[in-house]
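Architecture and fold: a report
Spelled out, the chains give:
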Amino acid sequence: MSEVEAPVLSLDAPVLRIALRFGAEKAAPPVNDAPAPIAPLTAEEQRAAAEAEAAEEPMLKLLPLNQQPGEIGSGVAESMKSEPKTAPRSIEPMEIPLEMPADEMAPKKLSETAPAKQLVPAEQEMPAEKAPEAPPRKKLTADQVRLRSKIHRVLDYYYKQPIDVAKENVWATMHGMLPYGVDAHVRTGGRENRSVNAIGWLCWNGKCKGYDLFYVDRGRLGARQGPGVQGHHGQFLAMLAQSYVTPSYEVRVGNEVFHISDLIEFEKETCRPASELTFKLISLAYYLPVDAQWKSDDGQTWTIERLIDEELRQPVIGAACGGTHRLMGFSYAVRKRELSGEPMDGHWERAKIFLDDYYAYTFRLQNPDGSFSTEWFEGRAAKPDLQRRLQTTGHIAEWLAYSLTDEELTAPRMQKAIDYLATILEKNPRMDWSIGPLGHGLHALAIYDQRVFDTPPGHRSAEVATKLP
């Protein structure tokens with residue numbers, strides 16, 4: 001990569017801020033008629049800019065021309081390398097029966113899951129006893145009826161192909177679980193090859209290709225991060241949050257009993273500045289009150305708003321999975337704040353403006369067939385590789401399906417994106433899809449199904465489980 005040359009730049013403030021955040025351009029960037037959104041300036045940054053202007057100092061000198069782009073976070077994450085490969089440990093037999101307590105695993109109403117009323121977004125407050133095909137909020141068009149049927153066919157088909165934990169590690173098992181949440185099952189392998197609840201297996205520290213997720217250090221629960229387990233700090237807790245699992249659900253390590261609330265404490269205590277806090281933001285925004293304050297184990301004070309500020313300092317372009325998870329973290333936090341009734345000010349307001357800009361920008365990059373750019377947010381691109389298309393469109397649609405308003409979800413452009421995603425999965429059932437992109441793509445369909453068609457989570461096991469192969 002070459003450094004940014006001065007003639008390419010203008011002193012326009014957004015362009016300057018983009019250069020400061022993302023560094024040099026690539027020699028042949030994707031087609032793009034406008035730069036990606038950037039986080040609004042903080043009050044401190046605004047004062048610094050005003051002082052520089054008053055001093056008539058050329059702002060161009062602030063550009064980090066002596067730094068390589070990789071140092072600033074430029075570029076797109078590699079496409080199929082979410083999880084490094086290492087030699088697995090030997091598989092040990094599980095000695096604990098893994099029966100999932102039904103009362104703990106049923107999706108909870110809002111009043112049952114949090115001390116704060118805003119813990120779960122309003123559109124997700126669905127009673128567990130609600131029928132799978134509950135009447136929609138409004139009359140569906142013929143296209144919407146067709147799309148609903150396609151989504152259900154796709155979700156049911158892949159549900160009947162559970163992960164085999166003797167063959168797949170924790171990271172893969174987590175992604176296989178994500179679309180179906182409390183309904184998800186895994187095969188245990190071996191002679192019996194039982195089908196057991198996926199969340200139960202993971203929370204009771206079942207081996208996955210020889211790996212286990214949890215450990216105990218001086219009587220406290222901890223979660224491993226690295227090859228074969230979590231790809232990111234807080235990732236599993238974020239997936240539990242997106243599956244509406246209650247803090248009281250059990251976690252077992254050997255003969256010691258903990259709960260999801262202990263995992264929440266672990267993620268709170270291990271917050272660190274200038275690090276990736278994306279998945280901690282998703283999970284802690286869900287599980288904690290909007291005004292929660294805590295101390296990390298190095299003595300620093302943290303709040304949800306501080307997590308937002310730390311994440312706004314990090315780039316979207318070049319972040320994990322193109323930056324979609326970082327945007328999802330902002331969406332969870334902003335939605336929580338909106339539900340709380342508290343003012344949308346400070347870093348909350350910055351995050352909301354940032355998200356609104358990214359919604360518009362994302363659809364500007366959408367391809368005519370409904371898919372999203374195969375270069376994430378760097379510009380418009382439509383590579384023919386279906387694996388890449390599932391990866392990018394699945395992740396982006398997952399974020400949008402959670403984040404957009406009800407009206408925006410049923411707009412033609414979003415409906416077309418979901419239809420495209422469901423179509424490539426339905427038409428290619430024998431494709432050896434990469435587990436991570438498949439999990440996020442199916443999760444996008446599941447979220448859309450819940451929000452647009454009022455299909456509640458927690459129904460599929462009763463409806464489809466008897467058809468498991």
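The structure we're discussing is the one just above.
All of the points below concern the structure found in this document. (Residues numbered from 1 in each chain as written. Predicted model: local features only at pLDDT ≥ 70, side-chain atom pairs only at ≥ 80, totals over all residues. Heavy atoms only, no water.)

1. A closer look at the overall build of the protein
Helix and strand counts for the protein come out as 19 helices and 9 strands. For the protein, with 469 residues in total, the buried portion stands at 55%. Looking at the protein alone, contacts between residues at least 24 apart form 70% of all its contacts between residues at least 6 apart. Surface accessibility of the protein: about 20,500 Å² in total, with carbon and sulfur atoms responsible for 51%. (Helix = DSSP H or I, 4+ residues; strand = E, 2+ residues; numbered from the N terminus. Buried < 20%, exposed > 50% of the residue type's maximum accessible area, 1.4 Å probe, protein only. Contact = heavy atoms within 4.5 Å. Areas by Shrake-Rupley, 256 points an atom, 1.4 Å probe, with all protein chains shown as cover.)

2. Here's the deal with the sheet that holds strand β1 (residues 163-164)
Taken in spatial order, the 3 strands of this open sheet run β1-β2-β3, and their pairing is mixed. Here the strands that pair on one side only, and so sit at the sheet edges, are β1 and β3 (195-197). Examined bridge by bridge, β1 and strand β2 (residues 185-187) share 2 bridges and lie parallel to one another. Looking at β2, one finds that Asp-164 is bridged to Arg-187. (Pairing = 2+ DSSP bridges.)

3. A closer look at helix α15 (residues 386-403)
Residues separated by three or four positions in an α-helix point in the same direction, a consequence of the helix having 3.6 residues per turn. For α15, which comprises 18 residues, the first-to-last C-alpha distance of 25 Å matches the rise-based estimate of 26 Å (1.5 Å per residue) to within 8%. By the N-cap criterion, in which a side-chain oxygen at the helix start approaches the backbone nitrogen of a residue two or three places on, α15 is capped by Asp-385, the distance to Gln-387 being 3.2 Å. (Expected span 1.5 Å × (residues − 1). Polar contact = N/O pair within 3.5 Å; in protein donor to acceptor, adjacent residues only side chain to side chain.)

4. Considering the pairing of strand β6 (residues 250-253)
What you see with β6 is a clean split: Val-251 and Val-253 sit on the buried side and Glu-250 and Arg-252 on the side with no burial. The pairing of β6 with strand β7 (residues 256-259) spans 4 bridges and is classified as antiparallel. Residue Val-251 lies in a different strand from β7, and its bridge partner there is Phe-258. The hairpin turn running from β6 into β7, its antiparallel successor, is 2 residues long, and Gly-254 in that turn takes a positive phi close to 65°.

5. Focus: the side chain of Thr-362
Its location among the elements puts Thr-362 in helix α14 (residues 346-364). Overall, the relative accessible area of 3% leaves Thr-362 in the buried class.

6. Some remarks on the packing of helix α12 (residues 304-312) against helix α13 (residues 324-340)
Put simply, α12 and α13 touch, their axes get as near as 11 Å, and they point 150° apart. Considered as vectors, α12 and α13 are oriented roughly antiparallel to each other. Judged by the twist between their axes, the crossing of α12 over α13 is left-handed. Of the residues in α13, those in contact with Ile-304, Ile-308, Glu-311 and Leu-312 of α12 are Arg-326, Phe-330 and Ala-333. Taken together, the residues that form the contact of α12 with α13 break down as 5 nonpolar, no polar and 2 charged. (Axes fitted to C-alpha atoms, helices over the stretch in contact; angles between N-to-C directions. Parallel < 35°, antiparallel > 145°, perpendicular 65-115°, else oblique. Left-handed = near helix turned anticlockwise from the far one by under 90°. Nonpolar A, V, L, I, M, F, W, Y, C, P; charged D, E, K, R; others polar.)

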